[in-house]
Amino acid sequence: MSDLEMRLEDGALWLTLNRPDQFNALTGEMVVEAIGQLRGATSRDDVRVVVLTGTGGAFCAGADLGGADAQEKYDAGSVDAANQVIRAVTELDQPVVCGLNGIAAGVGMSVALACDLVVATESAALTLAFTKIGLMPDGGATATLAASVGRARAMRLALLSDVLTAQEAYDAGLVTHVFPDADYAEGLGTIIRRLSTGAPLAFAATKKAVNAATLGALDAAFNRERSGQSLLLRSEDVAEGMKAFTEKRRPDFHGR
C-alpha cells in the first residue's frame, strides 16, 4: 500500500497521507508523488477539486525526522521540495481543500496553511514546532501565516510553537470550518460536493486574485526560508534538537 493514497471520486481527487504509525510524517517519495499529482491535476478535466488529508490520528507531523541521520536527510533540498508542494497547491487552478483530520505540525502545518480551505475536526490541532528543534518555519509559512493572522500572532506561533486547537485556529483565521468529530466526514463531504459542482473558471479566477492580493511575498519568503534553514541545518543546535526529538527529551540549546 502506498504512503500516499490517491483516488478520484465524483470530481474530487483525494490525496491521503498514509503513514499513521508515523503520524503521516512526510518522506521524500511522498513529497515527489504529491507534487506530481498536484501538477498533473491542472490539465485534468475530471478533477474539479483536490483534497489533502491523512489517515489515523494525524494530518501530518511534518518531515520524517526519525533515525540517527535526520540532520543529513533534512537539508536544503528538503526545503526546496516542501516549497514545490506549496507552489503546486497555490498555483493549481482547482480549489485545494485540507481535510484536517488531526494534528498538523511543522511542514504539515505549512501545507495546511497553503490550502484554499481548511476543514478541521474539533479534535484537530496545529503547531509550527520548527523552533523546538532549532529550525525556522519553512514551506512558505512565514508568509502564509502572517497573511492569515498578522505579525503579532505570527510571531507568537512561529517563535513559541504554541499548539492551537481547531477552534482556536478557526478564531484566529487559520481554519475555515470546524466540525464535531462525529460530523466531520459529512461536513467535509458537503463542502467537497459544492466545489466539485461549482463553476471551475470562476473558482480559478477567484483563487488567483485572492492569492495575488495576500501572498505576493510568497516567493521572497521561500528564498529567505531556504537561506535561513540552510544555515541553521549546519548548527550544533539543530543537531541537538533533532537528537532530542528522537530521544523524546527537552533539547539543550547553546546558540552554536
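Going by the structure above, here's the rest.
Residues numbered from 1 in each chain as written. Predicted model: local features only at pLDDT ≥ 70, side-chain atom pairs only at ≥ 80, totals over all residues. Heavy atoms only, no water.

### Overview of the sheet that holds strand E3 (residues 49-54)
Phase 1: Here we have six strands laid out as an open sheet, ordered E1-E2-E3-E5-E7-E10, and mixed in their pairing. The open sheet has two edge strands, strand E1 (4-9) and strand E10 (177-179), and neither has a second partner. Across the sheet, the axes of successive neighbouring strands diverge by a mean angle of 20°, strand direction being ignored.
Phase 2: Judged from the three bridges that link them, strand E7 (residues 117-121) and E10 form a sheet pairing that is parallel. Residue pairing for E10: Thr121 is matched across the bridge by Phe179. (Pairing = 2+ DSSP bridges. Helix = DSSP H or I, 4+ residues; strand = E, 2+ residues; numbered from the N terminus. Axes fitted to C-alpha atoms, helices over the stretch in contact; angles between N-to-C directions.)

### Brief notes about the pairing of E7
Phase 1: By the criterion of burial, E7 is predominantly enclosed, with four of the five residues buried.
Phase 2: The pairing of strand E5 (residues 96-100) with E7 spans four bridges and is parallel. Paired with Leu100 across the two strands is Ala120, which belongs to E7. (Buried < 20%, exposed > 50% of the residue type's maximum accessible area, 1.4 Å probe, protein only.)

### Thoughts on the sheet that holds strand E9 (residues 164-165)
Phase 1: Pairing in this open sheet of four strands is mixed, and the strands run E4-E6-E8-E9 from one edge to the other. A strand with exactly one partner marks an edge of an open sheet, and here the two such strands are strand E4 (58-60) and E9.
Phase 2: As paired elements, strand E8 (residues 125-127) and E9 share two bridges and run antiparallel to each other. Paired with Leu126 across the strands is Leu164, a residue of E9.
Phase 3: Contacts from helix H4 (residues 107-114) reach E4, strand E6 (103-105) and E8 within the one sheet, and its direction differs from that of E6 by about 105°. (Contact = heavy atoms within 4.5 Å.)

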